[in-house]
Amino acid sequence: MAGRNWFSGDSPLSGIHPAQWLVALFFLAYPAFASDFFTYQIGAYSLILGTISLSLMMLAGYGGMVSLAQMTVAGLAGYLVAILGDNSVGVMGLGWPWWLTVVTAILSAALFSAFIGAISVRTEGIYTIMITLAIAVAFFYFVRQNYALFNGFTGFAGVEPPTLFGVYWRDPVPFYYLVLAVAAFFLWAVFYIARSTFGLGLQAIRDNPRRMHALGYHVPFHRIVAYFLSGIIAGTAGVLMVWFNGRISPGSVGVDVVIDILVIAVVGGMRHPVGPFLGAIGFVLLENFAIDLIDRERFNTVIGLAFLLVVLFSPDGLLGIWNRLKARFRAGRRARPDRERANDPEPASTGSFTNQ
Amino acid sequence: MRQFIERHTFWAIVILLAIAVLLWLIFAVWPEWLVDFAGRKKTFVNTLLNGLTLGGLYFLVASGFTLIFGLMRNVNLAHGSMYLLGAYIGYEVAEASGSWFLGLAVAFVAVAISGVALQTLVFRRMEGDDLRQTLVTIAISIIAADLMLAVWTGTTYQFSPPEWLFGAAELPVVSVIRSSGDAVYIKYPVYRLTVLGVAVAVGIALWLFLNRTRIGMMIRAGVNDRDMLAASGVNVPLVFALVFGIGAGLAGFAGVVGGTALSIAPGEDVRYLLASLIVVIVGGLGSITGAAVGALIIGLAEQFGLAYFPTYGVVLTFLIMVVVLAVRPQGIMGGRR
């Protein structure tokens, strides 16, 4: 129940909080005061990672399906851009026009995601993690071994976004705004989906699949459609990712990257679409500046510890900490303990899978 | 057995025929047309044996994984890290003491202790919350992989097992008959055959332990109904810790056995985690027999894929998983939950 009051009570679009205006303004004006490094390597990169994690948040938060294959889906889209479009390696690179390449890449990624969904939805809960992890690792080994199509260990380089309207889209500022627009659109889309009949059905299936089945809903189909939609999000982010890096290789879809996406979503918080972006910003900042705190080599230990602490002490991530602080603050001011309970999100928000 | 033949006569005949064909393929001298069609017999028999030994190794790793899940409903994604940790510890001890067997024993015990610590310190805090437990194991595997990289660096290590495990054994299988009339026998490394033997022994020991001892009875009861077991006066947390210890210890044990057969390097943890995942998905989560069947299928599939169509070997493994999930989502030996 607590999960729904995000969406039913105060609609996030009609009554926009002043703080939200400020955040939006900050993101729009960000390149004006940030250096190129901060605009591109920090700003755009966090937004891309956030968008991929958003696709995971949509599946996990609303559908209760924790898929570890989201980076794999994004990676497939990235690979397809390199294969169908142009690259400088000399393998594949069919030279399709950019719009056809992008549309094909995104749609293929979405279909791949739906396929992953179709494989995993027949099983419940914990199985989903295992199956999607197995798919992700298998994809990694496959692209590493396959030279004919994916150019094996080296992968592809020299993948460029098109020059359109006289703008070279890989320049930091245009690229930042492109990514920002995509991220904002998908953030809005996820809000919209969550409040639609489909989204409500998905959330109801998460809470009690058996009852929804008895009510006549086609549970697996609902879930597969959710996978398809999340595949569109992840695929689009994958296209942006390959434009951002200019290259893609098996390392881009390796296990550590796949798990990074999960870390970002969990650390940010999976109960609200903003969570993944919060997590992504934290992750990218840590990735770039942990070098000042500790040895660069031990970055994974730091990120693992952060992840461990969040999972142990705040299962709903940074957002959960924020909500709890807010609730405590309010309760202290009004001295109404019952209100605190009403605002406190469920403690087991990442959820147990047993529905019995 | 008899019941099975009576109930599924058709399948019994198919299985018997398949076994007969397989035996013929192994022991007969291949005629010309078969060699033209499927390559040399030596390749086939070697691939078969490689697949069997790899399956044995996978069984060693996956049995611990599935044992832990069966009782605690806890998917331990740090299982691959335990494999690698066992391998490193075993290597250090074997190098320091000069005894490979001591390394094996210490690896088992040390990783078992780490497993018990994990169970008591972390999992007991969040019982019944499967997703959180799984996330914690992911976090632990990230940290463990990074720390192991820091301690043992990216170098590849190679065990030196005892002398008598080295070398090749001549199998009573004829590969070709020379024109002079001499038969050429197929040779195979002794160590790999030992791996297979160890896997079978561990499998039988686990079966006996689970089905013939008092503690095994408690574990089986815990799999079926944890609360009833606690209500009948058994110290369930103790049983949990014990099972976690054995499961983790098996991973460490497999680390030394597998590290000797192949080698130890960073990244092996992910490889064996993937293997365990696919083995238990195919075989059925929580079933030891399922782990054996799954390990055999995946080991064979991987080796045959590698020998006969190299770049698409992973796809074969993956396809097996997809087909099993489509036909029998709970796995070949998995019961309905």
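Note that this is a predicted model, so its numbers are computed, not measured.

**Some points on the overall build of chain B**
Inference 1: Scanning chain B from N- to C-terminus turns up 14 helices and two strands.
Inference 2: Against the 2.2 N^0.38 benchmark of 20 Å for 337 residues, chain B shows a C-alpha radius of gyration of 21 Å, consistent with a compact globule.
Inference 3: With respect to the principal axes defined by its C-alpha atoms, chain B has extents near 70 × 55 × 35 Å.
Inference 4: The buried share of chain B, reckoned over its 337 residues, is 50%.
Inference 5: Here the analysis covers contacts within chain B between residues at least 6 apart in sequence; of these, 72% occur between residues at least 24 apart.
Inference 6: Counting only carbon and sulfur atoms, one obtains 68% of the accessible surface of chain B, whose full area is about 15500 Å².
Inference 7: Each charge class in chain B can be summarised by its mean position, and for the 20 positive and 17 negative side chains these summaries are 9 Å apart.

**Looking at the overall build of chain A**
Inference 1: Helix and strand counts for chain A come out as 14 helices and two strands.
Inference 2: Across the 356 residues that make up chain A, the buried fraction comes to 54%.
Inference 3: Summed over its atoms, the accessible surface of chain A is roughly 15700 Å², and 66% of this surface lies on carbon and sulfur atoms.

**A look at the nonpolar core**
Inference 1: Counting residues in each nonpolar core, the largest one holds 193 residues, and the members touching the most others are Leu-49, Trp-243, Leu-262 and Phe-307 of chain A together with Ile-138 and Met-321 of chain B.
Inference 2: For this core, the leading source of residues is helix H5 (residues 126–145) of chain A, giving 16 residues.

**With respect to the confidence of the model for chain B**
Inference 1: Looking at chain B as a whole, its pLDDT mean stands at 83, while 97% of the residues score no less than 70.
Inference 2: Listed scores for the predicted complex are pTM 0.80 and ipTM 0.75.

**A short note on the pattern of salt bridges**
Inference 1: This model, assessed by the stated rule, comprises three salt bridges over all chains.
Inference 2: For Asp-207 of chain A, the salt bridge identified is with Arg-206 of chain A, shortest N-O distance 3.0 Å.
Inference 3: Residue Asp-207 of chain A is classed as partly exposed on the basis of its relative accessible area, which comes to 44%.
Inference 4: Glu-268 of chain B is the salt-bridge partner of Arg-271 of chain B, the closest N and O atoms lying 4.0 Å from each other. Of the two residues, Arg-271 of chain B and Glu-268 of chain B both sit in helix H12 (residues 268–283), three residues apart, roughly one turn of that helix.
Inference 5: In this structure Arg-271 of chain B comes out as partly exposed when scored by relative accessible area, which is 25%.

**A closer look at the environment of Thr-163 of chain A**
Residues and elements named next belong to chain A.
Inference 1: Within the secondary structure, Thr-163 sits in strand E1 (residues 163–164).
Inference 2: Thr-163 sits in the exposed class, given a relative accessible area of 53%.
Inference 3: Between the C-alpha atom of Thr-163 and that of Trp-98, which follows or precedes it by 65 residues, the distance is 9.8 Å.

**Here's the deal with the interface of chain B and chain A**
Inference 1: Facing the 47 residues of chain B at the interface are 45 residues of chain A.
Inference 2: With both chains or domains summed, chain B and chain A bury close to 4000 Å², and 75% of this area falls on carbon and sulfur atoms.
Inference 3: Counting the surface chain B buries against chain A, the share from its top three residues, Leu-131, Leu-135 and Asp-146 of chain B, is 15%.
Inference 4: The interface formed by chain B and chain A includes zero salt bridges.
Inference 5: One can count three residue pairs in polar contact (both at pLDDT 80 or more) joining chain B with chain A.
Inference 6: Of all the elements in the fold, those that place two or more residues in the side of chain B that touches chain A are helix H4 (41–72), helix H7 (130–152), H12 and helix H14 (313–327) of chain B.
Inference 7: Counting residues per element, the side of chain B that touches chain A draws most heavily on H7 of chain B, at 15 residues.
Inference 8: Per-class residue counts for the side of chain B that touches chain A are 35 nonpolar, five polar and seven charged.

**Observations concerning a nonpolar patch on the surface**
Residue and element names in this part refer to chain B.
Inference 1: Taken together, the side chains of Phe-4, Ile-5, Phe-10, Trp-11, Val-14, Ile-15, Leu-16, Ile-19, Leu-23 and Phe-27 make up a nonpolar region of the molecular surface, amounting to roughly 990 Å² of accessible area.
Inference 2: Every element with two or more residues in the nonpolar patch is listed here: helix H1 (2–7) and helix H2 (9–27).
Inference 3: No other element matches H2, which puts eight residues into the nonpolar patch.
Inference 4: Tracing the sequence through the fold places Leu-23 in helix H2.

**Describing the environment of Leu-325 of chain B**
Inference 1: Inspection of the secondary structure puts Leu-325 of chain B in helix H14.
Inference 2: Excluding residues within four positions of it along the chain, Leu-325 of chain B makes contact with Ile-119, Arg-122, Thr-123 and Ile-131 of chain A together with Ile-281 of chain B.

**Thoughts on the packing of helix H5 (residues 79–97) of chain B against H7 of chain B**
Residues and elements named next belong to chain B.
Inference 1: The contact between H5 and H7 brings their axes to 10 Å, and the two run at 25 degrees. Considering their axes alone, H5 and H7 lie roughly parallel with respect to each other. Relative to H7, H5 is oriented so that their crossing is left-handed. From H5, Ser-81, Leu-84, Leu-85, Tyr-88 and Glu-92 reach across to H7, where they touch Ser-141, Ala-144, Met-148 and Trp-152.

**Considering the confidence of the model for chain A**
All names here are of chain A.
Inference 1: The predicted model of chain A averages 80 in pLDDT, with 87% of residues at 70 or higher.
Inference 2: Here helix H14 (residues 337–343) is the element of chain A with the lowest mean pLDDT, 45, and helix H9 (residues 219–245) is the one with the highest, 91.
Inference 3: Counted against residues more than four places away or in other chains, residues 1–10, with its pLDDT under 50, gives 16 contacts.

So, how was this worked out
- Residues numbered from 1 in each chain as written.
- Chains lettered and ligands numbered in written order.
- Predicted model: local features only at pLDDT ≥ 70, side-chain atom pairs only at ≥ 80, totals over all residues.
- Heavy atoms only, no water.
- Helix = DSSP H or I, 4+ residues; strand = E, 2+ residues; numbered from the N terminus.
- Rg over C-alpha atoms; globule rule 2.2 N^0.38 Å.
- Buried < 20%, exposed > 50% of the residue type's maximum accessible area, 1.4 Å probe, protein only.
- Contact = heavy atoms within 4.5 Å.
- Areas by Shrake-Rupley, 256 points an atom, 1.4 Å probe, with all protein chains shown as cover.
- Lys, Arg positive; Asp, Glu negative; His and termini not counted.
- Charge placed at Lys NZ, Arg CZ, Asp CG, Glu CD.
- Core = buried A, V, L, I, M, F, W, Y, C linked by side-chain atoms within 4.5 Å.
- pLDDT = per-residue confidence, 0-100.
- Salt bridge = Lys/Arg side-chain N within 4 Å of Asp/Glu carboxyl O.
- Buried area = accessible area lost by both parts, 1.4 Å probe.
- Polar contact = N/O pair within 3.5 Å; in protein donor to acceptor, adjacent residues only side chain to side chain.
- Nonpolar A, V, L, I, M, F, W, Y, C, P; charged D, E, K, R; others polar.
- Patch = residues over 30% accessible without salt bridge, like charges linked within 9 Å, V, L, I, M, F, W, Y side chains within 5 Å.
- Axes fitted to C-alpha atoms, helices over the stretch in contact; angles between N-to-C directions.
- Parallel < 35°, antiparallel > 145°, perpendicular 65-115°, else oblique.
- Left-handed = near helix turned anticlockwise from the far one by under 90°.

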